[in-house]
Amino acid sequence: MEYLIEYGLFLAKAGTVVAAIVLVIAAAAAAGNRRQGGRRGRRGRIKVTELNRHVDELRDALRDKVLSKAQCKQLAKAEKAERKKAAKEEKKRTKAAVGGAPAEAGKRLFVLRFKGDMAAEKVASLREEITAILSIAGEADEVLLCLESPGGMVHAYGLASSQLARIRKRGIPLTICVDKVAASGGYMMACLADKLIAAPFAIIGSIGVVLQLPNFHRVLRRNEIDYELITAGEFKRTLTVFGEVTDKARGKAQEDVDNIHGLFKNWVKEHRPAVDLGRIATGETWVGTQAMDLRLVDEIGTSDEKIVAACAECKVYEVEYVIRRPAHERLGRALYAALDRLLLKWSGAPPNTHFQ
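Because the structure is predicted, anything quoted here is derived from the model rather than measured.

1. Notes on the overall build of the protein chain
Move 1: A tally of regular secondary structure across the protein chain gives 12 helices and 11 strands.
Move 2: Taken across its 356 residues, the protein chain has 32% of its residues classed as buried.
Move 3: Once local pairs closer than 6 in sequence are excluded, the contacts in the protein chain between residues at least 24 apart make up 76%.
Move 4: Approximately 22,400 Å² of the protein chain is accessible, and the part contributed by carbon and sulfur atoms is 57%.

So, in structure tokens, the structure goes:
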């Protein structure tokens with residue numbers, strides 16, 4: 001027993017030391033960030049990777065190991081001739097430009113990646129990536145979104161879907177690939193695709209809405225603890241963590257959920273008119289092959305197949321917007337998020353409604 005007490009004291013001391021070190025590092029980072037504030041942007045930077053080169057490097061690395069030097073030399077010679085031919089054709093297109101106007105560029109594929117969480121926080125980068133692409137892309141180009149999301153908050157995924165709608169409005173083809181999951185809010189985004197591709201066992205669907213929270217009213221009443229909630233507006237608060245759940249409040253919450261579900265179904269029907277809403281808008285999920293039969297997706301495949309095939313035909317660029325966040329800000333955001341969730345629970349704020 002004495003050993004356990006000593007071990008507990010040791011852990012407490014160690015935790016205190018670590019916390020102190022973290023605070024010192026955060027303070028130093030904050031000071032450094034203030035000094036550099038005039039020299040670096042606060043938002044972030046755009047990162048562009050040519051995937052053609054990446055695919056070539058993978059091929060060359062394997063080729064060097066499994067082929068003879070003579071075979072490698074012969075292939076390298078043939079590829080050099082192909083590059084030379086392509087360069088001549090590009091030069092001809094440039095010379096053919098009329099009146100000094102730039103020659104029409106060949107097709108380009110811009111690759112985006114979206115891995116969604118409950119709050120769809122990746123939308124902060126997605127909006128910047130789309131803005132960058134739309135500044136140069138034309139109708140001959142294509143955007144490929146590699147999407148992975150189990151869904152989350154209604155307003156967050158609504159904004160993410162609206163960002164994808166910007167691509168459609170410009171008349172630029174949008175292909176979305178789902179390798180693992182696009183359910184609920186994730187499918188709300190996915191259904192915007194001109195072509196929706198899913199892996200055979202990817203999870204698709206879950207066109208439904210859920211609202212849930214615990215209620216401690218009976219616990220408080222049993223312990224003679226009063227809970228006061230003062231509002232203006234009949235439905236400013238319906239369901240809360242500590243308040244009594246009345247039939248009227250429960251009915252209003254159900255009405256809100258039904259309304260959001262109706263909007264969700266209309267959104268899916270607008271962008272995928274071939275689906276049978278009565279069959280698919282039940283909150284169920286299906287794997288890719290089943291989703292294909294239900295017309296929830298257009299094709300069975302993976303993002304790798306699409307990207308590698310495109311690399312053989314055109315230039316492929318992966319676009320990523322990297323948000324700059326110094327150490328002290330990352331720490332502060334984590335602490336703030338935890339405190340915000342705690343305060344929301346204790347203040348009786350309305351629960352989040354989720355696509356699910």
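2. Some remarks on the nonpolar core
Move 1: By size, the foremost hydrophobic cluster in this structure holds 48 residues, and its most contacted members are Leu164, Ile176 and Leu296.
Move 2: Elements supplying a minimum of two residues to this core: strand S2 (108-115), helix H4 (123-134), strand S3 (142-149), helix H5 (154-169), strand S4 (174-183), helix H6 (185-190), strand S5 (195-198) and helix H8 (247-271).
Move 3: Counting residues in hydrophobic clusters, the runner-up holds 12 residues, among them Cys177, Ile197, Ile307 and Cys314.

3. A look at the state of the cysteines
Move 1: Taken as a whole, this structure holds 0 disulfides when the rule is applied.
Move 2: Cysteine cysteine 177 shares no disulfide, and the gap to the nearest cysteine sulfur, in cysteine 146, comes to 5.6 Å.

4. What about unusual backbone geometry?
Move 1: The phi torsion at serine 184 lies on the positive side, around 55°, for a residue other than glycine.
Move 2: Structurally, serine 184 can be placed in the loop between S4 and H6.
Move 3: For serine 184, a relative accessible area of 0% translates into the label buried.
Move 4: Even without being glycine, arginine 295 reaches a positive phi, approximately 65°.
Move 5: Looking at the element boundaries, arginine 295 is found in the loop between helix H10 (288-293) and strand S9 (299-300).

5. Describing the packing of aromatic side chains
Aromatic rings considered in pairs are described by the distance between their centres and by the relative angle of their planes.
Move 1: Applying the stated criterion across every chain, the model contains 4 aromatic pairs.
Move 2: Ring centres of phenylalanine 114 and tyrosine 157 lie 6.5 Å apart, and the angle between their planes is 70°; on these two criteria the pair is classed as edge-to-face. Of the two residues, phenylalanine 114 sits in strand S2 while tyrosine 157 sits in helix H5, which places them 43 residues apart along the sequence.
Move 3: Of the residues examined, phenylalanine 114 reaches a relative accessible area of 1% and is grouped as buried.
Move 4: Grouped by ring-pair contacts, the aromatic residues Phe216, Tyr227 and Phe242 constitute a single cluster.
Move 5: Over the ring of phenylalanine 235 we find lysine 252, and its NZ or CZ is 5.2 Å from the ring centre.

6. Some thoughts on the confidence of the model for the protein chain
Move 1: Residue-level pLDDT values for the protein chain average 83, and 75% of them are 70 or greater.
Move 2: Segment residues 35-41 is flagged for pLDDT under 50; beyond a separation of four residues in sequence, or across chains, it makes 2 contacts in the model.
Move 3: Per-residue pLDDT stays below 50 along residues 347-352; that stretch engages in 15 contacts with residues further than four places along the chain or on separate chains.

7. Focus: H5
Residues spaced three or four apart along an α-helix point in a common direction, a consequence of the helix completing one turn every 3.6 residues.
Move 1: For H5, spanning 16 residues, the distance from its first C-alpha to its last is 22 Å, which sits close to the expected 22 Å at 1.5 Å a residue.
Move 2: With its phi angle positive at about 75°, glycine 171 sits one or two positions after the end of H5.

8. Concerning H8
Move 1: Given a rise of 1.5 Å per residue, 25 residues ought to cover 36 Å, and the 36 Å separating the end C-alpha atoms of H8 matches this to within 8%.
Move 2: Listed as buried for H8 are Ala249, Lys252, Ala253, Val257, Ile260, His261, Phe264 and Val268.

9. Details of the packing of H4 against H5
Helix-helix packing is characterised by the crossing angle of the two axes and by the distance between the axes.
Move 1: At a closest axis distance of 10 Å, the pairing of H4 and H5 adopts a crossing angle of 10°. Classified by the angle their axes make, H4 and H5 are roughly parallel. Seen from H4, the contacting residues are Val123, Leu126, Arg127, Ile130, Thr131 and Leu134; seen from H5, they are Leu159, Ala160, Gln163, Leu164, Arg166 and Ile167.
Move 2: Its residues assigned to classes, the contact of H4 with H5 shows 8 nonpolar, 2 polar and 2 charged.

10. Focus: the pairing of S4
Move 1: Most of S4 sits out of view: 8 of its 10 residues are buried.
Move 2: Pairing geometry for S3 and S4, over 6 bridges, is parallel. From the neighbouring strand, leucine 147 faces S4, where its bridge partner is valine 178.
Move 3: Crossover S3 to S4 through H5 is right-handed.
Move 4: Sheet analysis places S4 next to S5, joined by 4 bridges and oriented parallel. Looking across to S5, one finds that isoleucine 176 is bridged to leucine 196.
Move 5: Here S4 pairs with strand S6 (residues 203-205) via 3 bridges, running parallel. Directly across from alanine 183, in S6, lies its bridge partner glycine 205.

Rules and cut-offs
- Residues numbered from 1 in each chain as written.
- Predicted model: local features only at pLDDT ≥ 70, side-chain atom pairs only at ≥ 80, totals over all residues.
- Heavy atoms only, no water.
- Helix = DSSP H or I, 4+ residues; strand = E, 2+ residues; numbered from the N terminus.
- Buried < 20%, exposed > 50% of the residue type's maximum accessible area, 1.4 Å probe, protein only.
- Contact = heavy atoms within 4.5 Å.
- Areas by Shrake-Rupley, 256 points an atom, 1.4 Å probe, with all protein chains shown as cover.
- Core = buried A, V, L, I, M, F, W, Y, C linked by side-chain atoms within 4.5 Å.
- Disulfide = S-S within 2.5 Å.
- Phe/Tyr/Trp six-rings, centres within 6.5 Å; stacked < 30°, edge-to-face > 60°.
- Lys NZ or Arg CZ within 6 Å of the ring centre and 35° of its normal.
- pLDDT = per-residue confidence, 0-100.
- Expected span 1.5 Å × (residues − 1).
- Axes fitted to C-alpha atoms, helices over the stretch in contact; angles between N-to-C directions.
- Parallel < 35°, antiparallel > 145°, perpendicular 65-115°, else oblique.
- Nonpolar A, V, L, I, M, F, W, Y, C, P; charged D, E, K, R; others polar.
- Pairing = 2+ DSSP bridges.
- Right-handed = clockwise from strand over helix to strand, strands pointing away.

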